[in-house]
Amino acid sequence: MARFIVVVLVLLGIAWLANKYLIGKGDVPPAEATSAGASDDAAEATAAADAASTADEDAAPEEDHGAAKPPVTPGEQAAAEAAPSADVATDLQQEAGVEPKLAAAADAKVTGEDVSKMLPTETVQLGDPSLTAGIPGEGNLTDEQLDQWLADPKNHVVLKPELPLGLKAGEAEIQGLDDNPLTRAKIELGRQLYFDPRLSSDVSISCASCHDPEKGYAFDSRFGIGVGGQEGGRNTPTAYNRILSGAQFWDGRAASLEEQAKGPIANPIEMSNTHEACVACLKGIPGYVKQFNKIFNDGLTIDNVAKAIASFERVIVTGPAPWDRYQELKTFETGYAADLEDLDAFKEGDPELYAEYMAIKQASQKQPISESAVRGGELFFSDKAGCTACHLGANFTDEKYHNLGVGMDAETPDLGRFEITKQEADRGAFKTPTIRNVAQTAPYMHDGSQKTLEEVVEWYAKGGHPNQWLSEKIKKLELSDQDKQDLVAFMTEGLAGELPKVSSERLLPDAEAAKEASEEQLEEAGVK
């Protein structure tokens, strides 16, 4: 009788465990049970199974509940909790050598930032149009489309960006991702905000109004133009390749791209809003509230508005330019000169390297460069022109501040960096801009005083405008007319790379209407 009672008790224990953990109708075991108590549970289950088998092989339950389900890990359960829709597929793959960081509590309510910590990172090539194409679909965004987008864990994965050829040499200089990691959901939210004029006080100015994708993410007026047609005192800097830049603005007054993103919102000449009013406006738009609550732990704040816009701007980078292709091919041909003397033997002896060479050669042929631009590039890097005293590195800028004499002959000159640092040496000094895709960003200099690249070259050739704070790097240049033409060809043609395709559509319904009304106002005012 005692033996019979023991067998019955064991079978009842097995049935309880199966109902709780395997059939799926009970609670998932707590995360700590999979670590500290895992070995004890395994031992008890094994002993119970052995006892049942010895006592009576016919004691299996009458109802077959199907094959036992595999154990659920805390990471799998947390990811499932994060996604409101179970039927949303993702092709996310574990990146080799990267361990996902899993949440301790499987039943925690998680937001995008927590999901990002749990999931493996993903490497992406910046310039990939899928990052800036908007949420898939047509027309204005719908609640259903937003829900589906936010439910996909892939859109909350932290992205490890790789830069395209040319910029790639500067990957070690990438800025801002430790404090503001990139995710697809954050980039997409930033894209929507970038084109939304409701960030401004009178719903007339968006980020794109001044940093226009059709105008090299700058603007072709001498000075920036804001709410009510107000004119600033400086030319609009470009917004591309900001991922390689720390301090922002001509005078470096914004310590980060995030600070730059929220600065114009409260600037009385630009968007003429307040941060509080901007946040209040956005909180009245359900589509934004939904995204901010899912992407950020603390929801919709002005700092998170800035983080989203900065994330979008960081993925706007210039693609490989003809000079980059030319240099890549030249480097290969110089390094393998002996092998290339007999292409047939090279192909037979090392088919993989031969295929690499042919791919580089074909890419260069698709982006040809003129002899004038090649001469200009060689001159640019020479001591004769001295351009790389300031325009150096992958993005052709030292990210420093120099007095070129521009505007210093005015009665009250703009003192630039001095207004920030109060250092005497910074009087009249302004940040070196990138010259990648520079042909798209006219007019030039901090005050937009030079309309063409020909004027810029002439300015440098004459040694700038003398003043007591003139940079020691600015000296008169002995350049022929051909030299000047070649330098312009290099900048215009040699450094022209393709920018990512960005959708200015696929916005929240009211945002699209506001954007159209804003464009009409600007056209009527003669700004567009």
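Conventions used here
- Residue positions are given per chain, counted from 1 along the sequence in the order it is written.
- The predicted nature of this model means local features are confined to residues of pLDDT at least 70 and side-chain atom pairs, given and counted, to a pLDDT of 80 or more, with totals for whole chains, interfaces and linings taken over all residues.
- Only hydrogens and water are removed before side-chain values are computed, so all heavy atoms of the structure are retained for them.
- Strands are runs of DSSP state E lasting at least two residues, helices are runs of H or I lasting at least four, and both sets are numbered from the N terminus onward.
- The contact criterion used is simple: two residues touch if any of their non-hydrogen atoms lie within 4.5 Å.
- Each residue is assigned to one of three classes by its accessible area relative to the maximum for its type, calculated with a 1.4 Å probe on protein chains only: buried under 20%, partly exposed between the two thresholds, exposed over 50%.
- Only strands joined by at least two bridges in the DSSP assignment are considered to pair.
- Orienting the strands away from the viewer, one traces the path from the first strand over the helix to the second; a clockwise path indicates a right-handed crossover.
- By this rule, a helix spans an expected 1.5 Å times one less than how many residues it contains.
- Ring pairs are drawn from Phe, Tyr and Trp, using the six-membered ring of Trp, whenever the two centres fall within 6.5 Å, and their geometry is named by plane angle: stacked under 30 degrees, edge-to-face over 60, tilted for the rest.
- Two thresholds decide whether a charge sits over a ring: the Lys NZ or Arg CZ must be within 6 Å of the ring centre and within 35 degrees of the ring normal.
- As used in this record, nonpolar core signifies buried Ala, Val, Leu, Ile, Met, Phe, Trp, Tyr and Cys residues forming a set joined through side-chain atoms within 4.5 Å.

Draft legend 1. Molecular detail of the overall build of the protein. In terms of helices and strands, the protein carries 19 helices and four strands. If you take every contact in the protein between residues at least 6 apart in sequence, the share linking residues at least 24 apart comes to 72%.

Draft legend 2. Summary view of the pairing of strand β1 (residues 122-125). In β1, alternate side chains face the same way, and those of E122 and V124 are buried while those of T123 and Q125 on the opposite face are not. Bridge analysis of β1 against strand β2 (residues 159-162) gives four bridges, and the strand direction is parallel. Within β2, the residue paired with V124 across the bridge is P161. Viewed along the sheet, the connection from β1 through helix α5 (residues 143-151) into β2 turns out right-handed.

Draft legend 3. Just the environment of D114, in detail. Structurally, D114 is set in helix α4 (residues 112-118). In the structure, D114 is positioned 181 residues away from I295 in sequence and 9.0 Å away in space, judged by C-alpha atoms.

Draft legend 4. Region of the structure containing helix α14 (residues 351-366). In this model, α14 (16 residues) spans 22 Å end to end at C-alpha, consistent with the 22 Å of a helix rising 1.5 Å per residue. Inspection of α14 places L353, Y354, Y357, I360, A363 and S364 among the buried residues, and these make up the whole buried set. Close packing links the buried residues of α14 with α12 (322-335) and α13 (343-349).

Draft legend 5. Examining the packing of aromatic side chains more closely. Applying the stated criterion to the full structure yields 16 aromatic pairs. Where F332 meets Y357, the ring centres are 5.2 Å apart and the plane angle is 25°; that geometry is what we call stacked. Remark: Y357 occurs in helix α14 and F332 occurs in helix α12; sequence separation between them is 25 residues. By the ring-pair criterion, three or more aromatic residues cluster together here, those being W323, Y326, F380, F381, F396 and F490. The cationic tip of R417 hangs over the ring face of Y401; the distance from NZ or CZ to the ring centre is 4.4 Å. Sitting over the ring of F418, R427 keeps its end group 3.9 Å from the ring centre.

Draft legend 6. Up close: unusual backbone geometry. For the bond running from A442 to P443, omega is 0°, close enough to zero to count as cis. Its location among the elements puts P443 in the loop between β4 (430-431) and α17 (453-461). Even without glycine at this site, S272 takes up a positive phi of about 55°. Here S272 falls in the partly exposed class, since its relative accessible area comes to 30%. Unlike most non-glycine residues, F396 shows phi in positive territory, near 55°. Mapped onto the elements, F396 comes out in the loop between α15 (371-380) and β3 (401-402).

Draft legend 7. Local environment of the nonpolar core. L193, Y194, L282 and V305 are the most contacted members of the largest nonpolar core, which has 54 residues in total. For this core, the elements supplying multiple residues, two or more each, are α5, α6 (184-194), α7 (207-210), α8 (257-266), α9 (275-283), α10 (286-295) and α11 (302-314). A per-element tally of this core places α11 first, with six residues. Discounting chain neighbours no more than four positions away, the residues touching L193 are L199, L282, Y288, F292, V305, A308 and I309. Counting residues in each nonpolar core, the second largest holds 29 residues, with I369, A461, I474 and L487 among its members.

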